[in-house]
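Structural characterization, general
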Amino acid sequence: MTGETLQIGLAGLGTVGTGVYETLCRNHDLLEARTQIPFAVKRVAVRSLARKRDVEIDPALLTDNWQELVDDPEIDIIIELIGGTEEAYRLVKAALLAHKPVVTGNKALLAEFGSELFQLSAETTTPLYFEASCGGGIPIIQSLQNSLVCNYVRRITGIINGTSNYILSSMERKGMTYEDALAAAQRKGYAEADPTLDVNGWDAAHKALILAMLAYGTPVSTENISVYGIDRITATDFRFAKELGYNIKLLVVIRHHADKDALELRVQPSFVSRKHLLSSVYGVFNAIAVHGDIVGETIFYGRGAGKNPTASAVIGDVMLAMRECRHPENHSGFHPYTKRLKVLPQEETVTPYYVRFLVQDRPGVIAVIAAELAKYDIGISGTMSSPRKGGDGGEGTCDLVFLLHACPWGKLCEALRALHVHESINPHPAVFRIETLNEEA
Ligand code: HSE
């Protein structure tokens, strides 16, 4: 701390940056009363000085060069909200080297460069805070770092992308098309600048890597996680899911297999029983279930994206950074404490499945599929069918749904490949895992 009033440098004045600036102004007195530390925003770095802003801000605060924040000896803390990875990496690295604590919400940055940046943070004794990187306004990072610290985490399952959950909810409840629902999520400021990462599962995967790293004390990287997105889900699958008592959610599964000393790490649209709380998480809301050996099951729920919820998480970190400014060595941070854990190959991960084939409505088709599954020792727990009346697939075709007992993913893929040779069966079935969520680990 250089003076009486703690000075903040804010880099990025997009959706979240604007929320942070507005809240720091609007709730300034409350924050000072709670922390007993006077503070001010000294400088705000933006990409373009010319751009018209939705927030009232003194133009004298603005600069289009974030380096000025790092070089300013009066600035004590830097908030990185510029997004992307390369420039953000340069900014965070420069700030840590200048011994300025950094608050970031940048999950892609941490998923890619987290190990290096946490090491730099430890070497420079300069804290790096990242509550806003996961779950929007949900305080999951500090909970894992502090409140749940005595637990061996058995598993974490959750919905951690607000945009995709908003899209799935709108398709399921309002019958909206995928495209219209995505456009609405973008208008509401939930989606990333490039929404590809939201819908292809990678935004959730980046967050999952951060959670896994914290929960298991081990660095994990993007090659370690299996990722599927929501862009191929159809109204037909929502309809079958509902009839069967499930909802479809983009689910993150992080599970420790103690017998194999390995982590299961995956993100994919899954069937979730309507009896489980996660199935009724709708809209932009996220929910993260953490099962610890001491605490048992906990579920964290809240808005997972958007200007104000994310600003709330960022400011929580800023206040923590202000409190820890005089004693940065006390910061809990991230210190890897175990060897790099093995990650279970996707082929070996085991769940029950829902598989929907589009077939020619001919005698014997069910028998062909059942026989092929049997060859791979895959049991069937139920079937459903529904003829198609025109539209996609056309007359004379039929949706055949098979509910399958738990088996390794690799075995299911082999069985499905073997079915490619049958002309009456479309070679691209819809496949969803059915997640079993209530079992004891
Ligand atoms: N695009 C992200 C989401 C923002 O939709 O969850 C919050 O990380």
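See the structure printed just above.
Figured I'd write up the structure that's included with this text. (Residues numbered from 1 in each chain as written. Predicted model: local features only at pLDDT ≥ 70, side-chain atom pairs only at ≥ 80, totals over all residues. Heavy atoms only, no water.)

**Considerations on the site of the ligand**
Spelled out, the test is: One heavy atom suffices: a residue is near a molecule or strand as soon as one of its heavy atoms comes within 4 Å of it. Contacts described as polar in this section are N or O atom pairs within 3.5 Å, which, within protein, must combine one atom able to donate a hydrogen with one able to accept it, while residues neighboring in sequence count only if both atoms come from side chains. Accessible areas in this description were obtained via Shrake-Rupley with a 1.4 Å probe; residue shielding takes into account the shown protein chains only. Only protein atoms enter the 1 Å grid, on which a cavity is a set of points fitting a 1.4 Å probe that cannot get out and a pocket is an open set with protein on both sides within 12 Å along at least 5 of 7 lines, lining residues being those with an atom within 4 Å of a point. Molecule-in-pocket calls rest on the fraction of atoms, with more than half required to lie within 2 Å of the cavity or pocket grid points. Every helix listed is a DSSP run of H or I at least four residues long, and every strand listed is a run of E at least two residues long, numbered separately from the N terminus. Residue type decides the class: Asp, Glu, Lys and Arg count as charged, Ala, Val, Leu, Ile, Met, Phe, Trp, Tyr, Cys and Pro as nonpolar, and the leftover types, Gly among them, as polar.
Close to the ligand lie Lys107, Asn161, Gly162, Thr163, Tyr190, Ala191, Glu192, Asp198, Asp203, Lys207, Gly304 and Ala305. Contact distances for the ligand include 2.6 Å between a nitrogen atom and a side-chain N or O atom of Glu192. Here a nitrogen atom of the ligand and a side-chain polar atom of Asp198 are 2.7 Å apart. In isolation the ligand exposes 250 Å². Once the protein is present, 94% of that is buried. Using a 2 Å cut-off from the grid points, one finds that the ligand occupies the largest pocket. When contributions to the shell around the ligand are tallied by element, the ones reaching two or more residues are helix H7 (162–174) and helix H10 (202–216). A class-by-class count of the residues in the shell around the ligand yields three nonpolar, four polar and five charged.

**Some details on the layout of surface pockets**
Using the following cut-off: Grid points are joined across faces, edges and corners, and a volume is the space filled by probe spheres set on the points.
Each pocket or cavity is described by its volume, and for the largest pocket that value is around 1,100 Å³. Considering the residues around the largest pocket, the lining is formed by 46 residues, among which Leu81, Ile82, Gly83, Glu192 and Ala193 are closest to the centre. Secondary-structure elements contributing two or more residues to the lining of the largest pocket are helix H1 (15–26), helix H5 (107–123), H7, helix H9 (196–199), H10 and helix H12 (307–324). Counted by class, the lining of the largest pocket contains 14 nonpolar, 19 polar and 13 charged residues. By volume, the second largest pocket amounts to about 890 Å³. Lining the second largest pocket are 30 residues, with Arg232, His428, Pro429, Ala430 and Val431 sitting closest to its centre.

**Section: the pairing of strand S9 (residues 246–257)**
Formally: Buried residues are those whose accessible area, probed at 1.4 Å on protein chains only, stays under 20% of the maximum for their type, while exposed residues exceed 50% and partly exposed ones sit between those limits. For two strands to be treated as a pair, DSSP must find at least two bridges joining them.
Extensive coverage of S9 is indicated by the burial of 11 of its 12 residues. Bridging between strand S7 (residues 153–159) and S9 involves four bridges; their strand directions are antiparallel. Along S9, the bridge assignment pairs Ile156 with Ile254. Pairing of S9 with strand S10 (residues 262–273) involves 12 bridges; the strand directions are antiparallel. Bridge pairing in S10 places Asn247 opposite Val272.

**Examining the packing of aromatic side chains**
Any pair of aromatic rings gets described here by the distance separating the centres and the angle formed by the planes. We count it as follows: Aromatic pairs are defined between Phe, Tyr and Trp rings, using the six-membered ring for Trp, whenever the two ring centres lie within 6.5 Å; interplanar angles under 30 degrees are classed as stacked, those over 60 as edge-to-face, and all others as tilted.
Counted under the stated rule, the structure contains 11 aromatic pairs. An angle of 35 degrees between the planes, with centres 4.3 Å apart, marks the rings of Phe271 and Tyr354 as tilted. Placement of Phe271 in strand S10 and of Tyr354 in strand S14 (residues 350–360) is noted, with a sequence separation of 83 residues between them. Owing to a relative accessible area of 0%, Phe271 belongs among the buried residues under this scheme. Look at Phe285 and Tyr301: their rings are 4.9 Å apart centre to centre, the planes differ by 10 degrees, and that puts the pair in the stacked class. With Phe285 in strand S11 (residues 285–292) and Tyr301 in strand S12 (residues 296–303), the pair connects residues that are 16 residues apart, well separated along the chain.

**What about the pairing of strand S17 (residues 430–434)?**
Of all five residues that make up S17, four are buried, and the element is covered over most of its length. The pairing of S10 with S17 spans two bridges and is parallel. Across the sheet, Ser270 pairs through a bridge with Arg433, a residue of S17. Sheet analysis places S14 next to S17, joined by four bridges and oriented antiparallel. Counterpart to Val355 in the pairing with S17 is Val431.

**Examining unusual backbone geometry**
In the Ramachandran plot, Gln36 falls in the positive-phi region, its phi being about 60 degrees despite a non-glycine side chain. Of note in the backbone geometry, Thr125 takes a positive phi value of approximately 50 degrees without being a glycine. On the secondary structure map, Thr125 appears in the loop between H5 and strand S6 (128–129).

**Let's talk about the packing of H5 against H10**
We count it as follows: For helices, the axis comes from a line fit to the C-alpha atoms of the stretch in contact; other axes are also lines fit to C-alpha atoms, and the angle between any two N-to-C directions lies between 0 and 180 degrees. Orientation labels follow simple angle bins: below 35 degrees gives roughly parallel, above 145 gives roughly antiparallel, 65 to 115 gives roughly perpendicular, and whatever is left gives oblique. The contact rule is simple, with two residues in contact once any of their heavy atoms fall within 4.5 Å.
Where H5 contacts H10, the two axes come as close as 7 Å, and the packing angle between them is 30 degrees. In this view, H5 runs roughly parallel relative to H10, as classed from their interaxial angle. Between H5 and H10, the residues in contact are Lys107, Ala108, Leu110, Ala111 and Phe118 and Asp203, His206, Lys207, Leu209, Ile210 and Met213, respectively. Classifying every residue of the contact of H5 with H10 by side-chain character gives seven nonpolar, one polar and three charged.

**As for a nonpolar patch on the surface**
Here is the rule: To count toward a patch, a residue needs a relative accessible area above 30% and no salt bridge. Like charges then connect within 9 Å, nonpolar side chains (Val, Leu, Ile, Met, Phe, Trp, Tyr) within 5 Å. We define a salt bridge as a contact between a side-chain nitrogen of Lys or Arg and a carboxyl oxygen of Asp or Glu at a distance within 4 Å.
Side chains of Leu277, Ile299 and Tyr301 sit close together on the surface and give an oily, nonpolar patch of about 310 Å² of accessible area. In this fold, Ile299 is placed in strand S12.

**Considering the environment of Thr126**
Within the secondary structure, Thr126 is located in the loop between H5 and S6. Judged by relative accessible area, which is 2%, Thr126 ranks as buried. It is 42 Å that separates the C-alpha atoms of Thr126 and Val272, two residues lying 146 residues apart in sequence. Setting aside its immediate chain neighbours within four residues, Thr126 contacts Leu96, His99, Lys100, Pro101 and Ser121.

**Here's the deal with the nonpolar core**
Our working definition: Residues belong to one nonpolar core when they are buried, are Ala, Val, Leu, Ile, Met, Phe, Trp, Tyr or Cys, and are joined through side-chain atoms within 4.5 Å.
Core analysis: the biggest nonpolar cluster contains 82 residues, and Ile140, Ile156, Leu211, Ile254 and Val290 have the highest contact counts within it. Looking at which element gives the most residues to this core, the answer is H10, with 11 residues. Excluding residues within four positions of it along the chain, Ile140 makes contact with Glu131, Cys134, Leu211, Ile288, Val290 and Phe300. With 32 residues, the next largest nonpolar core counts Leu6, Leu24, Val41 and Ala311 among its residues.

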